[in-house]
Amino acid sequence: MKQYLEGLQQVLDTGVDREGRNGKTRAIFGMQMRYNLEDGFPAVTTKKLAFRSVKAELLGFLRGYDHAEQFEKLGTQIWNANADAWGRDGYLGRIYGVQWRKWQTEDGTIDQLAKVIEQIRTNPHSRKHIVTAWNPAELEEMALTPCHMCFQFFIADGKVSLQMYQPSCDMFLGVPFNIASYALLLHMVAQVTDLIPYEFVHTLGDAHIYHAHFEAVEMQLKREPYLLPKLVLNPKIKSIDAFKMQHIQLENYQHHDAIRAPMIV
């Protein structure tokens, strides 16, 4: 996770201080990190990653969930604050997974992810293996505008890579979670398409640290990283829709203590 820690330091050292809709941030515009999954699973080790919540949220996206209670039943309350702020009794609207799996058209819905997985199997070298959550017609119908908006797969030499573009990047709380979530998604897609997971490329737009998180970030940067853990998926799962919480495990995850900081909604 050296790339991530260097990114944190870069924002602290060179970022511009600005007042945003929900508080002061220090930010830079434009950053890219590359994680070779052959080196291990990119779970942050300089603090504890809530991997159970990573799994639960991603499985909720894969199922097209649109209510905070659905995510809670999987084991995460990560969407509760956004649901409360939106004020629709837990309903989250047309968020990430709804767009991935149920993009609305005049004639029905499009399952973007299923189509891309089928394309990977039948036309692996296509340049159109893209899924987007950024739907301009429905942005006002979401509890949270997509912070990570689209991703693309690339296949070469029997290996599959994934690049994700994230326009809004909470470097301390959100980004480690996003890295783990998309690395997990890449592993899952690789397994169901009989490919080897290779590289997660994370392209960041507005990469920012909230001033309220400065102390926590400085504490984290003083810590020495541990070796990366290993992700283990149940090899019997061959459909993206068949994965359950117990099919996804993180082995040899050594980490420093959690660092508490407020989630800025």
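Residues numbered from 1 in each chain as written. Predicted model: local features only at pLDDT ≥ 70, side-chain atom pairs only at ≥ 80, totals over all residues. Heavy atoms only, no water.

Enquirer: I keep staring at helix α2 (residues 51–62) and nothing clicks. Help me out?
Expert: Given 3.6 residues per helical turn, the α-helix brings residues three or four places apart onto the same face. Taking 1.5 Å of rise per residue, twelve residues should cover 16 Å, and α2 covers 16 Å from first to last C-alpha, within 8% of that figure. The element α2 is extensively covered by neighbouring structure, given that eleven of its twelve residues are classed as buried. Along α2, the residues classified as buried are F51, S53, V54, K55, A56, E57, L58, L59, G60, F61 and L62. Summarising the contacts, the buried residues of α2 are in contact with α3 (68–74), α5 (96–101), α6 (112–122), α7 (174–192), β9 (230–233) and β10 (248–251). After α2 finishes, the residue G64 shows a positive phi value of roughly 70°. (Helix = DSSP H or I, 4+ residues; strand = E, 2+ residues; numbered from the N terminus. Expected span 1.5 Å × (residues − 1). Buried < 20%, exposed > 50% of the residue type's maximum accessible area, 1.4 Å probe, protein only. Contact = heavy atoms within 4.5 Å.)

Enquirer: Would you explain the pairing of strand β2 (residues 23–36) in this entry?
Expert: It is a general feature of regular strands that their side chains alternate between the two faces of the sheet. When strand β1 (residues 16–20) meets β2, the two strands line up antiparallel, connected through five bridges. Following the sheet pairing, E19 is matched in β2 by K24. The hairpin turn running from β1 into β2, its antiparallel successor, is two residues long. When β2 meets strand β8 (residues 196–210), the two strands line up antiparallel, connected through eleven bridges. By the bridge assignment for β8, I28 is matched with A207. (Pairing = 2+ DSSP bridges.)

Enquirer: Where do I start with the packing of aromatic side chains in this structure?
Expert: In this description, a pair of aromatic rings is defined by centroid distance and the angle of the planes. Applying the stated criterion to the full structure yields 15 aromatic pairs. Each ring, one from Y65 and one from F71, has its centre 5.9 Å from the other, and the planes form 90°; the classification is edge-to-face. Taking the relative accessible area as the measure of exposure, Y65 reaches 18% and is therefore buried. Between W79 and Y96, the aromatic rings sit 6.1 Å apart at their centres with planes inclined by 65°, giving edge-to-face as the arrangement. (Phe/Tyr/Trp six-rings, centres within 6.5 Å; stacked < 30°, edge-to-face > 60°.)

Enquirer: Looking at this structure, how should I read the sheet that holds strand β5 (residues 130–132)?
Expert: Two modes of strand pairing occur in sheets, parallel and antiparallel, and in both the strands are linked by backbone hydrogen bonds. If you walk across this open sheet you meet the six strands as β1-β2-β8-β7-β6-β5, and the pairing is mixed. Each edge of the sheet is formed by a strand with only one pairing partner; in this case those strands are β1 and β5. For this sheet the average axis-to-axis angle between neighbouring strands, irrespective of direction, equals 25°. Taken strand by strand, helix α1 (residues 2–14) contacts β1, β2 and β8, and its axis lies near 150° from that of β2. Strands in contact with α6 are β5 and β6 (150–156); relative to β5, the strand with the most contacts, it is inclined by about 170°. (Axes fitted to C-alpha atoms, helices over the stretch in contact; angles between N-to-C directions.)

Enquirer: Teacher, can you tell me more about the pattern of salt bridges here?
Expert: Close approach of charged atoms allows side chains of opposite charge to pair. Evaluation of the coordinates by the stated rule reveals ten salt bridges. For K2, the salt bridge goes to E6, with nearest N and O atoms at 3.9 Å. You can see K2 and its partner E6 sitting in helix α1, four residues apart, about one turn around the helix. In this structure, the salt-bridge partner of R101 is D111, at a minimum N-O distance of 2.8 Å. Here D111 lies in the loop between β4 (108–110) and α6 and R101 lies in helix α5, a separation of ten residues in the sequence. The exposure class assigned to D111 is partly exposed, which follows from its relative accessible area of 25%. The network of salt bridges with shared partners includes R101, D111 and D241. (Salt bridge = Lys/Arg side-chain N within 4 Å of Asp/Glu carboxyl O.)

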